Amino acid sequence: MSDKSRHDAWSAGDSYDRYMGRWSRQVAPRFVEWIGPAAGGDWLEIGCGTGALSAAALARGAPRSLLSIDPSEGFLAKARANVPDPRAEFRLGDAQALPVADASRDVVVSGLVLNFVPDRAKALAEMKRTARRGGTVGYYLWDYPGGGVAFMRAFWVAAAALDAKAADLTEDRRFPFCTRDGVAAMAREAGLAGVEVTAIEVPTVFKDFDDYWEPFTLGAGPAPGYCASLDPQARERLRLRLFETLPRRDDGSIAMTARAWAVKARIE
Ligand SMILES: C[S@@+](CC[C@H](N)C(=O)[O-])C[C@H]1O[C@@H](n2cnc3c(N)ncnc32)[C@H](O)[C@@H]1O
């Protein structure tokens, strides 16, 4: 694990759902509608986490089958509980060596994952390998460099103001390829055809400051992993800084947005 990825804690499903799942669950259906899959396909999903995209695939993609892979047993357990569906199977696996036969899937998708995979090119090659001719490969990644995930950006701006080391951990520095051009280039370099990109933006409205802050204390994901690594005094300084600086509406809520870049492509 690199120094910068040491906070990428992916295991606790409930904590992930509080921090990210509640927002990724809004992106996933929009993505499935945008890729416009034919009904009755065999789907493969990489990095299912707690099942945000799995649920959307089943609800809106009308698949015959869905195999969802993740390296975290904790997340898989949560996904199985969140998405009870006889068409779905949740299995341990790694994006860089998928336990799936060549050309066996009609739709191969991944949501908010590829930036965390050490060898992204290998993961994309695996997505391409497992898709049938004429099939669809699609994925989406947060627009970290464009400041697209405002709640995360606000956290890191406050953290970096108090701790110089935090500046290097921010997702915009770690994942500079998560731009419109960058996500398209990844697909073209993988040899995918007919590459299209769109932005998917969702509202992220926190009902009050605690609703914003509490998920960062739970440890699942890079920013929460960093937050959990702070001693209690440093964590309290960060909490106070955010409390004082985040813009709030009259009712105390904090209204932000999150934007992902989505890609769809064909296998020729
Ligand atoms: C930000 S979460 C996204 C989860 C889910 N797709 C969603 O949209 O909510 C990132 C996921 O990538 C998974 N992941 C990390 N490294 C991976 C790898 N090498 N292969 C497959 N999945 C990986 C993590 O376990 C985690 O579930």
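In short, a report on the structure. (Residues numbered from 1 in each chain as written. Predicted model: local features only at pLDDT ≥ 70, side-chain atom pairs only at ≥ 80, totals over all residues. Heavy atoms only, no water.)

**Considerations on the packing of aromatic side chains**
Applying the stated criterion across every chain yields a total of 19 aromatic pairs. With a centroid separation of 5.4 Å and an interplanar angle of 80 degrees, the aromatic rings of F116 and F175 are classed as edge-to-face. Taken together, the residues span a long stretch of sequence, with F116 in the loop between β4 (105–111) and α4 (120–130) and F175 in the loop between α6 (171–174) and α7 (180–189) at a distance of 59 residues. Residue classification places F175 among the buried residues on the basis of a relative accessible area of 4%. Consider the rings of F209 and F243, whose centres lie 5.1 Å apart with planes at 90 degrees: the pair is edge-to-face. Of this pair, F209 sits in helix α8 (residues 209–213) while F243 is found in helix α10 (residues 232–245), placing the two residues 34 residues apart along the sequence. Taking relative accessible area as the criterion, F209 reaches 4% and is therefore assigned buried. Exposure remark for F243: the relative accessible area of 39% places this residue in the partly exposed category. Connected via pairs of aromatic rings, a cluster forms that spans Y19, W23, F151, F155, W156, F206, F209, Y212, F216, Y226 and F243. Seen from the ring of F243, R248 lies directly overhead, with NZ or CZ sitting 4.5 Å from the centre. (Phe/Tyr/Trp six-rings, centres within 6.5 Å; stacked < 30°, edge-to-face > 60°. Helix = DSSP H or I, 4+ residues; strand = E, 2+ residues; numbered from the N terminus. Buried < 20%, exposed > 50% of the residue type's maximum accessible area, 1.4 Å probe, protein only. Lys NZ or Arg CZ within 6 Å of the ring centre and 35° of its normal.)

**Notes on the sheet that holds strand β5 (residues 131–142)**
Taken together, the seven strands give an open sheet; going across it, the order is β3-β2-β1-β4-β5-β7-β6, and neighbouring strands pair in mixed fashion. Edge positions in the sheet fall to β3 (88–92) and β6 (193–206), since each of these pairs with one other strand and no more. Averaged over all pairs of adjacent strands, the angle between their axes in this sheet comes to 20 degrees, without regard to strand direction. Note that strand β2 (residues 65–70) and β3 share five bridges and pair parallel. Counted as the bridge partner of I69 is R91 from β3. Across the sheet, helix α3 (residues 73–82) touches β2 and β3, and the angle it forms with β3 is around 170 degrees. Strands β5, β6 and β7 (254–266) of the sheet are contacted by helix α5 (residues 150–162), whose axis makes an angle of about 120 degrees with β7. (Pairing = 2+ DSSP bridges. Axes fitted to C-alpha atoms, helices over the stretch in contact; angles between N-to-C directions. Contact = heavy atoms within 4.5 Å.)

**A look at the site of the ligand**
If you check the shell around the ligand, you find 18 residues, and the closest are Y16, S24, G47, D70 and A95. At 2.7 Å, a side-chain N or O of S24 approaches an oxygen atom of the ligand. G47 has a polar backbone atom sitting 2.8 Å from a nitrogen atom of the ligand. Surface burial for the ligand is 96%, taken as the share of its 600 Å² of free accessible area covered by protein chains. Residues of the shell around the ligand, tallied by class, amount to eleven nonpolar, five polar and two charged. (Near = heavy atom within 4 Å. Polar contact = N/O pair within 3.5 Å; in protein donor to acceptor, adjacent residues only side chain to side chain. Areas by Shrake-Rupley, 256 points an atom, 1.4 Å probe, with all protein chains shown as cover. Nonpolar A, V, L, I, M, F, W, Y, C, P; charged D, E, K, R; others polar.)

**A short note on the nonpolar core**
Counting 91 residues, the largest nonpolar core has W142, F151, F155 and Y212 as the members making the most contacts within it. With nine residues, the top contributor of residues to this core is helix α1 (residues 13–35). Setting aside its immediate chain neighbours within four residues, Y212 contacts F151, A154, F155, F206, L242, L246, I254 and M256. (Core = buried A, V, L, I, M, F, W, Y, C linked by side-chain atoms within 4.5 Å.)

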